[in-house]
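# Report on the structure
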Amino acid sequence: MELRTLRYFVTVAREMSISKAAAKLYLSPQAVSSHIQRLEEECETPLFERSTRQLRLTYAGERVLEHAQKILENEEEMMTELSDIANLRTGRLSLGTSQIRGRVILPDLLTAYMRQYPSVRIITHNGITEELESMLAEQEREHDQIGRAHVCVC
């Protein structure tokens, strides 16, 4: 099942007209109708009751509509979150400091940073330099595999 087809289905369900949905989607009615037909084949049940005057959702169509809207909302949330991560509006910052430096430097530094970047999760580690360097190396290996992270040892 393709997201594009779900978008087309939701548009048709909102408009209750393939031609109106096609106009909104800048597609031909035949293209939209073809997507709906494929979706119905995939679902193995009609999603619309078709009469000469209008469309009406079947019970299966109502269920697909509810799930399709959730799926499309989740996709939009995911894309927004990924954009925020890519543009450094949110994410994770891991800091390692010695205990003395941590007590002296971090309070003011973190307060200012959190004001400027409230959606960034900050993880602090206190320890001796060798331990922090080992943690840093391990985190870099993990984040190389799963995504972007910012790490610093002070």
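This text gives an overview of the structure that appears in the document. Just so it is clear, the structure is predicted and the values come from calculations on it, not from any experiment. (Residues numbered from 1 in each chain as written. Predicted model: local features only at pLDDT ≥ 70, side-chain atom pairs only at ≥ 80, totals over all residues. Heavy atoms only, no water.)

## Digging into the nonpolar core
Under the convention used in this document: Remark: nonpolar core denotes a set of buried residues (Ala, Val, Leu, Ile, Met, Phe, Trp, Tyr, Cys) joined through side-chain atoms within 4.5 Å. Any residue under 20% of the maximum accessible area for its type is buried, any over 50% is exposed, and the rest in between are partly exposed; the area is computed with a 1.4 Å probe on protein chains only. Helical segments are the DSSP runs of H or I of at least four residues, strand segments are the runs of E of at least two, and each set is numbered from the N terminus. Contact criterion: two residues are considered in contact whenever any of their non-hydrogen atoms come within 4.5 Å of each other.
In terms of nonpolar packing, the biggest core is built from 19 residues, with Phe 9, Val 12 and Phe 48 touching the most fellow members. Those elements that place two or more of their residues in this core are helix 1 (3-15), helix 2 (18-25), helix 3 (29-43), strand 2 (55-57) and helix 4 (59-86). Residue contributions to this core peak at 5 residues, all from helix 1. Discounting chain neighbours no more than four positions away, the residues touching Val 12 are Ser 17, Ile 18, Ala 21, Val 32, Ile 36, Phe 48 and Leu 55. Counting residues in hydrophobic clusters, the runner-up holds 5 residues, among them Leu 95, Leu 106, Leu 110 and Val 120.

## Some words on the packing of helix 2 against helix 3
The line we're drawing: A fitted line through C-alpha atoms serves as each axis, taken over the contacting stretch for helices, and the angle formed by two N-to-C directions is quoted from 0 to 180°. Throughout, the term roughly parallel applies to angles under 35 degrees, roughly antiparallel to angles over 145, roughly perpendicular to angles from 65 to 115, and oblique to all others. Residues are grouped as follows: Ala, Val, Leu, Ile, Met, Phe, Trp, Tyr, Cys and Pro are nonpolar; Asp, Glu, Lys and Arg are charged; all remaining types, including Gly, are polar.
In the contact formed by helix 2 and helix 3, the axes pass within 8 Å of each other and the chain directions differ by 110 degrees. Classified by the interaxial angle, the pair formed by helix 2 and helix 3 is roughly perpendicular. Of the residues in helix 3, those in contact with Ile 18, Ser 19, Ala 22 and Leu 25 of helix 2 are Pro 29, Val 32 and Ser 33. Looking at the contact of helix 2 with helix 3, its residues break down into 5 nonpolar, 2 polar and no charged.

## Details of the packing of aromatic side chains
Stated precisely, the cut-off is as follows: Aromatic pairing here means that ring centres of Phe, Tyr or Trp (its six-membered ring) are within 6.5 Å. Orientation follows from the plane angle: under 30 degrees is stacked, over 60 is edge-to-face, and everything else is tilted.
Evaluation of the coordinates by the stated rule reveals 2 aromatic pairs. A centroid spacing of 5.4 Å and a plane angle of 55 degrees characterise the contact between Phe 9 and Phe 48, whose relative ring orientation is tilted. With Phe 9 in helix 1 and Phe 48 in strand 1 (residues 48-50), the pair connects residues that are 39 residues apart, well separated along the chain. The class for Phe 48 is buried, based on a relative accessible area of 3%. With centroids separated by 4.8 Å and ring planes inclined at 35 degrees, the aromatic side chains of Tyr 113 and Tyr 117 adopt a geometry described as tilted. Tyr 113 gets classed as partly exposed once you look at its relative accessible area, which sits at 26%. The class of Tyr 117 is partly exposed, set by a relative accessible area of 30%.

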